Amino acid sequence: VQLQASGGGLVQAGDSLRLSCAASGRTFSSYAMGWFRQAPGKEREFVAAISWSGSSIGFADSVKGRFTISRDNAKNTVYLQMMSLKPEDTAVYYCAAPETPFVFLGRDPRAYDYWGQGTLVTVSS
C-alpha cells in the first residue's frame, strides 16, 4: 500500500488549500482514510477521517466548520479541503489508512497502519 500526499504550500491566513492523497496497492474503496497533522514540537494529531463509502466523516474540533474531507473512489484519492486557514494550522499533513477493510477508525493514529510521506502546509499571519 502506498499513499502519496500532495497539495501543501505557503498561504496566508484566511486562504484555502486542498490536499490530495493518492492511494495504490489495494482496493481503495474498501478502506477508511484519515488525515493527521504534526506541528513542530508537537505530537501528531487527528484532523479528519472518512469511511470507505464516504457516508461517515469526522473532524477534530479545531477544524470543524473550516475543513471538509471527501474521496473519489474512482480515482483512488482522498481530499482535504481547508478553508479559513489560520497560522495554527501550520503543520505537516499526513494521510493514513488502516490494514482492515470496512472499519471506520476515527481519530486514533495507532489504528492506522499505512502513512503517506506528508505535505507541509505553512500559514502566514
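Structural data are supplied above this passage.
A brief look at the structure comes next. (Residues numbered from 1 in each chain as written. Predicted model: local features only at pLDDT ≥ 70, side-chain atom pairs only at ≥ 80, totals over all residues. Heavy atoms only, no water.)

## Notes on unusual backbone geometry
Positive phi outside glycine occurs at Asn76, with the angle close to 55°. Looking at where Asn76 falls in the secondary structure, it is placed in the loop between β7 (67–72) and β8 (77–82). Of note, Ser84 is a non-glycine position whose phi angle comes to about 50°, a positive value. Mapped onto the fold, Ser84 is located in the loop between β8 and β9 (91–97). With relative accessibility at 41%, the residue Ser84 sits in the partly exposed group. (Helix = DSSP H or I, 4+ residues; strand = E, 2+ residues; numbered from the N terminus. Buried < 20%, exposed > 50% of the residue type's maximum accessible area, 1.4 Å probe, protein only.)

## Thoughts on the state of the cysteines
As enumerated under the stated definition, the model contains one disulfide in all. A sulfur-sulfur distance of 2.1 Å marks the disulfide that ties Cys21 to Cys95. Looking along the S-S bond of the Cys21-Cys95 disulfide, the torsion reads about 65°, which is the right-handed sense. With Cys21 in strand β3 (residues 17–24) and Cys95 in strand β9, the pair connects residues that are 74 residues apart, well separated along the chain. Classification of Cys21 by relative accessible area gives buried; the value is 0%. When its relative accessible area of 0% is taken as the criterion, Cys95 is described as buried. (Disulfide = S-S within 2.5 Å.)

## Notes on the sheet that holds β7
Across the sheet, four strands lie side by side as β1-β3-β8-β7; this open sheet has antiparallel pairing. This sheet does not close on itself; its edge strands, each paired only once, are β1 (2–6) and β7. Shown here is a sheet whose adjacent strand axes are inclined to one another by a mean of 15°, direction ignored. When β3 meets β8, the two strands line up antiparallel, connected through six bridges. Note that in β8 the partner of Leu19 across the bridge is Leu80. (Pairing = 2+ DSSP bridges. Axes fitted to C-alpha atoms, helices over the stretch in contact; angles between N-to-C directions.)

## So, the pattern of salt bridges
Tallied over the full model, the rule gives five salt bridges. The salt bridge partner of Asp61 is Lys64, with a shortest N-O separation of 3.2 Å. Asp61 gets classed as exposed once you look at its relative accessible area, which sits at 64%. For Arg110, the salt bridge is made with Asp108, and the minimal N-O distance between the two is 3.1 Å. The exposed category is assigned to Arg110, whose relative accessible area is 74%. Assessed through its relative accessible area of 28%, Asp108 is described here as partly exposed. One connected set of salt bridges, linked through shared partners, spans Arg37, Glu45, Arg66 and Asp89. (Salt bridge = Lys/Arg side-chain N within 4 Å of Asp/Glu carboxyl O.)

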